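Next come the chains, spelled out residue by residue.
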Amino acid sequence: MANKYIILGNGFSIDLVKKMKKENQLDLNNLFAKGEYVLYPKTQQKGFLSRKHTPNLWTLGARTYMEYELALQLITDVITCANVFNLSMEKRPGETKENNSVYIHAYSELTSYLRYLFVYYNSLISDDDLKKILDDIEIINYVKKRSEKNRIYIVTYNYDILLERLLKIAGINYDIFGFTNTGADVVIFKPHGSISFSFKIKVSESSPYYIRDVIVDAVSQNASDFEITYELADDYPIVNAIIPPAGDSTRFSFAWIKEIRKGIDEIVKESTSNDEMVLFGLSYWHVDRNEIDEILLSMDSSMEVKYVDPKPPTSFDAVLSSLFKNYIHYSSGKLLKE
């Protein structure tokens, strides 16, 4: 049985949103743009991104009317500080760290905000919306044609659950590595987390929701401490399994991340020249390169590789051209059809 590897980036979800013609409601580029619509947990008050609920992000300049480039730079600054702080804790475990940095507190606000942003986005997409575009989703058709004869591994860096919802609608069984184990031939890896990874300890009904300092006031997070849930409307876990964009997961000590990364490492080392890899909407941003390179460098260089992106980063195209002799670039997923 040959293996099929699929690696999905933000471009996959952006493509789905475009197909549903919901770009005005769901902005997957500027993650602050819809912050005023996001409900603060339990209070059901709109305006999660605000001076009231995210004072540290607000102090740093986070606003719903920010331009994309400025929003991205702010997120990058916050995550870079968190990355270095985590690395310093690992390299100098006995050293007392200053924990009053606005950037470190802003990181905690960002992880919480992102979970509920994508919960909000998910609520705007009905199953009927997905059913209408199902036949046009190239990756789902690709999986459906091959799942009975191949082992399919999907690595997705997206927090949303659109892939899982589409697979369910298409009648394709799957497992979430580290969390479910039904023996399905389709296995999904989510190394940057997911809104469906729900910590088993919830905020009690009588208690208000507050944003926990996820770095300084860390809670042990093994995969067994989470459950998979797709009923998100009233789900208020005390921690969020989200590694924000530009967040280097190698610098976080949470056990669930290490387990998923170990699982990815094991499956890519199994690859042979008879296997195939499809990359869809995957960027090659400098902060993500280490993770992506780890995967690519472990793959058999003779395997078939197809990269789908209408405007591929030239550096990523060059890397794939250098590593894989059977590399093909497609500007549209429609070209995956056989």
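Rules used in this analysis
- Residues numbered from 1 in each chain as written.
- Predicted model: local features only at pLDDT ≥ 70, side-chain atom pairs only at ≥ 80, totals over all residues.
- Heavy atoms only, no water.
- Helix = DSSP H or I, 4+ residues; strand = E, 2+ residues; numbered from the N terminus.
- Rg over C-alpha atoms; globule rule 2.2 N^0.38 Å.
- Buried < 20%, exposed > 50% of the residue type's maximum accessible area, 1.4 Å probe, protein only.
- Contact = heavy atoms within 4.5 Å.
- Areas by Shrake-Rupley, 256 points an atom, 1.4 Å probe, with all protein chains shown as cover.
- Lys, Arg positive; Asp, Glu negative; His and termini not counted.
- Charge placed at Lys NZ, Arg CZ, Asp CG, Glu CD.
- Salt bridge = Lys/Arg side-chain N within 4 Å of Asp/Glu carboxyl O.
- Phe/Tyr/Trp six-rings, centres within 6.5 Å; stacked < 30°, edge-to-face > 60°.
- Lys NZ or Arg CZ within 6 Å of the ring centre and 35° of its normal.
- Core = buried A, V, L, I, M, F, W, Y, C linked by side-chain atoms within 4.5 Å.
- Pairing = 2+ DSSP bridges.
- Axes fitted to C-alpha atoms, helices over the stretch in contact; angles between N-to-C directions.

A.B. asks: Would you explain the overall build of the protein in this entry?
C.D. replies: Scanning the protein from N- to C-terminus turns up ten helices and twelve strands. Its C-alpha atoms give the protein a radius of gyration of 20 Å, near enough to 20 Å, the size a compact globule of 338 residues would have. Overall, the protein is about 55 × 50 × 40 Å in size when its C-alpha atoms are taken along their principal axes. Taking all 338 residues of the protein together, 54% fall into the buried category. Long-range pairs, those at least 24 residues apart, make up 77% of the contacts in the protein with a sequence separation of at least 6. Accessible surface computed for the protein: about 15500 Å², of which carbon and sulfur atoms make up 48%. Charge separation in the protein, taken as the distance between the mean sites of 39 positive and 46 negative side-chain charges, equals 2 Å.

A.B. asks: Sorry if this is basic, but what is going on with the pattern of salt bridges here?
C.D. replies: For side chains bearing opposite charge, pairing can occur when the charged atoms are close. Tallied over the entire structure, the rule returns 14 salt bridges. Linking Glu138 and Lys19 is a salt bridge whose minimum nitrogen-to-oxygen distance equals 3.8 Å. Separated by 119 residues along the polypeptide, Glu138 in helix H6 (residues 138-146) and Lys19 in helix H1 (residues 10-19) bring together distant segments of the chain. A residue is classified by how much of its surface remains accessible, and Lys19, at 26% relative accessible area, is partly exposed. Among the salt bridges present, the one from Glu227 reaches Lys202, with a minimum N-O distance of 3.2 Å.

A.B. asks: Looking at this model, I keep getting lost on unusual backbone geometry. Mind explaining?
C.D. replies: In most cases, non-glycine residues show a negative phi, while peptide bonds are predominantly trans. Residues other than glycine seldom take positive phi values, yet Lys21 does so here, at roughly 60 degrees. Turning to its location among the elements, Lys21 is positioned in the loop between H1 and strand S2 (39-40). Look at Lys21 and you get exposed, because its relative accessible area is 72%. Positive phi, normally seen in glycine, also occurs at Gln44, with a value near 60 degrees. On the secondary structure map, Gln44 appears in the loop between S2 and strand S3 (45-46).

A.B. asks: Explain the packing of aromatic side chains to me, please; I cannot follow it from the model alone.
C.D. replies: Any two aromatic rings considered together are summarised by their centre-to-centre distance and by the angle between their planes. Here the structure, examined in full by the defined rule, presents 20 aromatic pairs. Ring plane angle 35 degrees and centroid distance 5.6 Å describe the contact between Tyr5 and Tyr153, whose orientation is recorded as tilted. Remark: Tyr153 occurs in strand S4 (residues 150-156) and Tyr5 occurs in strand S1 (residues 2-8); sequence separation between them is 148 residues. Like Tyr153, Tyr5 is buried. Judged by centre distance (5.8 Å) and plane angle (90 degrees), the ring pair of Phe12 and Phe280 falls under edge-to-face. Here the residue Phe12 occupies a position in helix H1, and Phe280 occupies one in strand S10 (residues 276-280), the gap between them amounting to 268 residues. Comparing Phe12 with Phe280, the two get one shared label, buried. In this structure an aromatic cluster arises from ring pairing among Phe32, Tyr40, Phe48, Tyr113, Tyr116 and Tyr209. The cationic tip of Arg63 hangs over the ring face of Trp58; the distance from NZ or CZ to the ring centre is 3.7 Å. We note Arg115 situated over the ring of Tyr116; from NZ or CZ to the ring centre the distance is 5.3 Å.

A.B. asks: Explain the nonpolar core here, please?
C.D. replies: Here is a general trend for soluble globular proteins: nonpolar side chains tend to be buried in one another's company. Ranked by internal contacts, the top residues of the largest apolar core, which has 107 residues, are Phe32, Trp256, Met277 and Leu279. Apart from the residues lying within four places of it in its own chain, the contact partners of Met277 are Tyr5, Ile7, Leu296, Met299, Met303, Glu304, Val305, Lys306 and Phe324.

A.B. asks: I'm lost on the sheet that holds strand S12 (residues 326-330) in this one. Help?
C.D. replies: Where strands meet in a sheet, backbone hydrogen bonds hold them as pairs that are either parallel or antiparallel. Sheet architecture is open: seven strands sit in the order S5-S6-S4-S1-S10-S11-S12, paired in parallel fashion. In this open sheet, the two edge strands, each paired with only one partner strand, are strand S5 (175-176) and S12. Where S1 and S10 come together, five bridges link them in parallel fashion. Bridge pairing in S10 links Leu8 to Phe280. Across the sheet, helix H7 (residues 162-169) is in contact with S1, S4, S5 and strand S6 (186-189); its angle to S6 comes to roughly 165 degrees.

A.B. asks: For this particular structure, what's the right way to read the sheet that holds strand S7 (residues 193-199)?
C.D. replies: Pairing is antiparallel across the open sheet formed by three strands, whose spatial order is S8-S7-S9. With partners counted over all chains shown, the strands left at the sheet margins are strand S8 (226-228) and strand S9 (240-242), one partner each. Ignoring which end each strand starts from, the neighbouring axes of this sheet average 40 degrees apart. Pairing of S7 with S8, which is carried by three bridges, proceeds in the antiparallel orientation. In the strand pairing of S8, Phe197 is matched with Ile228. The strands that helix H4 (residues 102-123) touches are S7 and S9; relative to S9, the one it contacts most, it runs at about 85 degrees.

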